[in-house]
Amino acid sequence: GQDRDAAVYENLNRSVELIEEAVRRAGGKLLLFPEFWLQGFLYDATPDDWKQLCVRMDGPEMQTLQEAAARNTVYLAGAVFEYDPEWPDRWWNTAFIIDDSGRLIHKYRKINEGNLPGVVCVTSPGDVYSEYVKRYGYDSLWPVANTPLGRIGTDICFSMNFAENSRMLALHGAEVILHPTGEPHGSYRPMWQQARQARAYENQVYWASANHGSVSHTKLPNWRSRGHSCIIDFGGSVIAVADSPGETIISATI
């Protein structure tokens, strides 16, 4: 509805501003946004809500991002809730990479999804495993994009805690893993930080996590997110970090 469109396009327009700022300030070549940063997250969303929230990979929201990537000559990545008409009445948590000419070159659908405890009403490839592999092939579960910047894979939020995902990406040749994530405050979050550094070290890959800066238009506290987006080198050392919540840009050289 109108509320959905207003929220999504507010986030989308701000994202385009931040793309331009990252290029001006840091000469960014590969930019990463958080998990579901366009749509926000609703714990009590119904199936009908998901129908409204989701975007299509060939829809106007993605087209705006593709145009921004081409206009600024950057690679652009993030994660969105996706609707795919090839899978009626199913919704996906999907990471993407757009290249510097504006082409969508990579799509990863989150495997370790929060649907098992019933937190979110979305589908993972594991829920429809046989049909998914039949349609797209086994390698579609852990895709890696071969680019002039290196071989790039993606993981999403909670999936980071399962070492097998990162190992599969590394076995498929990933040199960089992008990690759009949505991590609120909580006592277990330090373990997540240890996990991401371990994933980089054990697979000898660069790792970039982008987490939410803040939330708005909700009853949730403005700084519900812990922030702490970071970039980690292949030795497991943090080389850039947003050391608080709030909106910011961090950068590092790979």
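These numbers were taken from a predicted model, which means no experiment stands behind them.

## So, the state of the cysteines
Enumeration over the complete set of coordinates arrives at 0 disulfides. With no disulfide partner, Cys-157 has as its closest neighbouring cysteine sulfur the one in Cys-230, 13 Å distant. Given a relative accessible area of 1%, Cys-230 falls into the buried group.

## Some details on the pairing of strand S4 (residues 104-109)
With 5 bridges connecting them, strand S3 (residues 91-98) and S4 associate as antiparallel partners. Looking across to S4, one finds that Ile-97 is bridged to His-106. Counting the residues in the hairpin turn of S3 and S4 gives 5 residues, including Gly-102, whose phi is positive at 95°.

## Re the packing of aromatic side chains
Under the definition given, this model contains 12 aromatic pairs. Between Tyr-132 and Tyr-136, the ring centres sit 4.8 Å apart and the planes meet at 70°, which makes this aromatic pair edge-to-face. Here Tyr-132 and its partner Tyr-136 are both found in helix H4 (residues 129-136), 4 residues apart, which amounts to about one turn of the helix. Of the residues examined, Tyr-132 reaches a relative accessible area of 5% and is grouped as buried. A centroid spacing of 6.5 Å and a plane angle of 40° characterise the contact between Phe-158 and Trp-192, whose relative ring orientation is tilted. Of the two residues, Phe-158 is situated in the loop between strand S6 (150-154) and helix H5 (163-171) and Trp-192 in helix H6 (residues 189-203); the sequence distance between them amounts to 34 residues. Residue class for Trp-192 comes out buried when judged on its relative accessible area of 9%. Linked through ring pairs, Trp-87, Trp-92, Tyr-132 and Tyr-136 together constitute an aromatic cluster. A cation over a ring is seen here: Arg-135 above Trp-87, with NZ or CZ 3.8 Å from the ring centre. Here the basic side chain of Arg-189 rests over the ring of Trp-192, its NZ or CZ set 4.3 Å away from the ring centre.

Conventions and cut-offs
Residues numbered from 1 in each chain as written. Predicted model: local features only at pLDDT ≥ 70, side-chain atom pairs only at ≥ 80, totals over all residues. Heavy atoms only, no water. Disulfide = S-S within 2.5 Å. Buried < 20%, exposed > 50% of the residue type's maximum accessible area, 1.4 Å probe, protein only. Pairing = 2+ DSSP bridges. Helix = DSSP H or I, 4+ residues; strand = E, 2+ residues; numbered from the N terminus. Phe/Tyr/Trp six-rings, centres within 6.5 Å; stacked < 30°, edge-to-face > 60°. Lys NZ or Arg CZ within 6 Å of the ring centre and 35° of its normal.

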